[in-house]
Amino acid sequence: MHRALELAAKGLGWCSPNPPVGAVVVQQGRIVGEGYHETAGQAHAEVRALQDAGEDAKGATLYVTLEPCNHHGRTPPCVDAILAAEIATVVVAVPDPNPGVTGGGMDALRRHGVTVSTGDCAEEAEDLIRAFAFSAHHRRPYVVAKFASSIDGKIATRTGESQWISGEQSRRAVHQLRHEVDAIVVGVETVLADDPRLDARREVPSSDPRPVVFDSMCRMPVESRLFDKAPASGLTVATTGSAPLSRVEALTAAGADVWVLPADDDGRVDVEAALARMYDAGLQSVLVEGGASVLGSFFDHDLVNELHAFVAPIVIGGAKSRSAVAGKGLAQLDAANRLQRKSCVLRGSDTHIRFDRCLQE
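Residues numbered from 1 in each chain as written. Predicted model: local features only at pLDDT ≥ 70, side-chain atom pairs only at ≥ 80, totals over all residues. Heavy atoms only, no water.

Novice: Explain the packing of aromatic side chains here, please?
Specialist: Aromatic rings considered in pairs are described by the distance between their centres and by the relative angle of their planes. Scanning the model with the defined rule gives 2 aromatic pairs in all. Ring geometry for F134 and Y142: centres 5.9 Å apart, planes at 75 degrees, overall edge-to-face. On the basis of an interplanar angle of 35 degrees and a centroid distance of 6.1 Å, the ring pair of F214 and F298 is categorised as tilted. Of this pair, F214 sits in strand β8 (residues 210–214) while F298 sits in helix α11 (residues 292–300), and the two are 84 residues apart along the sequence. Residue classification places F298 among the buried residues on the basis of a relative accessible area of 1%. Positioned above the aromatic ring of W164 is the side chain of R171, whose terminal nitrogen or guanidinium carbon lies 4.5 Å from the ring centre. (Phe/Tyr/Trp six-rings, centres within 6.5 Å; stacked < 30°, edge-to-face > 60°. Helix = DSSP H or I, 4+ residues; strand = E, 2+ residues; numbered from the N terminus. Buried < 20%, exposed > 50% of the residue type's maximum accessible area, 1.4 Å probe, protein only. Lys NZ or Arg CZ within 6 Å of the ring centre and 35° of its normal.)

Novice: Would you take a moment to explain helix α2 (residues 45–53) for this structure?
Specialist: Think of an α-helix as 3.6 residues a turn; residues three or four steps apart then line up on the same face. Residues A45, E46, V47, A49, L50 and A53 constitute the buried set of α2. Buried positions along α2 lie against β1 (22–27), β2 (30–36), β3 (61–66) and α3 (78–84). Looking one or two places after α2, you find G54, whose phi comes out positive at around 60 degrees. (Contact = heavy atoms within 4.5 Å.)

Novice: I keep staring at the environment of A232 and nothing clicks. Help me out?
Specialist: Tracing the sequence through the fold places A232 in the loop between β8 and β9 (236–240). A232 gets classed as exposed once you look at its relative accessible area, which sits at 79%. For the pair A232 and A256, spaced 24 residues apart in sequence, the C-alpha separation works out to 9.5 Å.

Novice: What should I look at first to understand α11 in this one?
Specialist: Taking burial as the measure, the 9 residues of α11 include 7 buried ones, the bulk of the element. Downstream of α11 by one or two residues, D302 has phi in the positive range, about 55 degrees.

Novice: What exactly am I supposed to notice about the nonpolar core here?
Specialist: The tendency in soluble globular proteins is for nonpolar side chains to be buried as a group. Grouped together as the largest cluster of nonpolar side chains are 39 residues, with contacts concentrated most on V25, L62, I82, I87, V90, L109 and V116. Only α1 (2–9), β1, α2, β3, α3, β4 (89–94), α4 (104–111) and α5 (122–128) provide two or more residues apiece to this core. Here the element with the most residues in this core is β4; it accounts for 5 residues. (Core = buried A, V, L, I, M, F, W, Y, C linked by side-chain atoms within 4.5 Å.)

Novice: I tried to follow the sheet that holds strand β12 (residues 306–311) on my own but got confused; where do I start?
Specialist: Within a sheet, adjacent strands bond to each other through the backbone by hydrogen bonds, running parallel or antiparallel. Strand order across the open sheet formed by 9 strands is β10-β9-β8-β7-β11-β6-β12-β14-β13, with mixed pairing between neighbours. In this open sheet, the two strands that pair with only one neighbour each are β10 (257–261) and β13 (339–347). When strand polarity is set aside, the average angle formed by the axes of neighbouring strands in this sheet is 20 degrees. Judged from the 4 bridges that link them, strand β7 (residues 183–187) and strand β11 (residues 285–290) form a sheet pairing that is parallel. What sits directly across from A183, in β11, is V286. Sitting on the sheet, helix α10 (residues 271–280) touches β6 (142–149), β7, β8, β10 and β11, and the angle it makes with β10 is about 135 degrees. (Pairing = 2+ DSSP bridges. Axes fitted to C-alpha atoms, helices over the stretch in contact; angles between N-to-C directions.)

Novice: Explain the pairing of β6 to me, please; I cannot follow it from the model alone.
Specialist: Along a regular strand, successive side chains alternate from one face of the sheet to the other. Among the 8 residues of β6, 8 are classified as buried, and the element is accordingly described as predominantly covered. Where burial is concerned, the two faces of β6 agree: the one with Y142, V144, K146 and A148 and the one with V143, A145, F147 and S149 are both buried. Sheet topology note: the β6/β11 ladder contains 4 bridges and is parallel. Bridge pairing links V143 to V286 in β11. Looking at chain direction, β6 and β12 are connected through 6 bridges and run parallel. Paired with A145 across the two strands is L307, which belongs to β12.

Novice: Whenever I open this one, the confidence of the model for the chain confuses me. Can you help?
Specialist: One rule of thumb: low pLDDT means the predicted coordinates there are not for detailed reading. Residues at a pLDDT of 70 or more form 97% of the chain, whose mean pLDDT is 91. When pLDDT is averaged over each element of the chain, β9 comes out on top at 98 and helix α8 (residues 188–194) at the bottom at 91. (pLDDT = per-residue confidence, 0-100.)

Novice: Would you take a moment to explain the environment of Y142 for this structure?
Specialist: If you trace the backbone, Y142 turns up in strand β6. For Y142, a relative accessible area of 7% gives the class buried. For the pair formed by Y142 and E6, sequence separation is 136 residues and the distance between their alpha carbons is 22 Å. Those residues in contact with Y142, other than ones at most four positions away along the chain, are R130, A131, F134, Q284, S285, V286, N305 and E306. There is a polar contact of 2.6 Å between the side chain of Y142 and the side chain of E306. (Polar contact = N/O pair within 3.5 Å; in protein donor to acceptor, adjacent residues only side chain to side chain.)

Novice: Would you explain the pattern of salt bridges in this entry?
Specialist: Side-chain pairing between opposite charges can occur once the charged atoms of the two side chains come close. Per the stated rule, a full pass over the model turns up 20 salt bridges. Of the charged contacts in the structure, one is a salt bridge between R354 and D127, with a shortest N-O distance of 2.8 Å. Taken together, the positions of R354 in strand β14 (residues 350–357) and D127 in helix α5 put the pair 227 residues apart, joining distant regions of the chain. Taking relative accessible area as the criterion, R354 reaches 8% and is therefore assigned buried. Where salt bridges share partners, they join D127, R130, E306, R354 and D356 into one cluster. (Salt bridge = Lys/Arg side-chain N within 4 Å of Asp/Glu carboxyl O.)

So this is what it looks like as structure tokens:
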């Protein structure tokens, strides 16, 4: 199963909106077939592993990180392929999290005499499909927040200088994060200050996430680098009804998909409405990169599922230096939703900490 998990991870960022899945066929203690789900619409992991195994699949054991499907989608049911290959035993890491689907594939295999067990490496498998599972249950995208800061939590000096607080290894890790999500969210202030590309620095541009800019008044310049790849990149500007119609039309003519959404009490784009629209657009996961006001809005509304903090070994100080997260903030400490540290990795001289949090229902 560990090998199947390694294979599944190769599909991250490529197979959305499907979950990453890996499969291994074992015959008499020897791996005879491997596969993973490479791209949505193409063969699933189980089918690829069975094709790789060929005749050796008969009577073998199939290890798969997610319950095989028993329904028609873009491809036929994997259960049919498993039965046709005469697999004797299927070991499943986790059941399919989709409501109404869970257990169906395993039940179908058992009805046809296949021995099925589940739970092997479940925690690791659940982590791989966390965005897929959350989106399926909650009907909104899984939200990953990210910032790079000094030890004292600053993201820029008092003069606004911010490039680069983190080092090269941290920036490579951020590009991997971008690759694994469906969209990147930034505020217009970030676009005005940094003119970012918001891509994953991959050789295949189609693997880049969709850039989404929160811009309540459509101030984003059409000369921004984000327009260089629009509309192919799916560049989206989330704005409000207060934005001048001339600006909405200018951004649309330049290639952006402009969403006019409700405003919050401060006149900014309502983040819950934005997430609902992203879900309707088929986006399962989003990376919120900033700036501080946008990050603050997501934390204020308790919408962050996962946080990546890249902490550089410097102290910036200064009352006028910008903090990583703004927003309204907490009035009382006992209202804080405590973060759970998931991992801590050194990236050169930086420290990369991943936190998970339990959302209040």
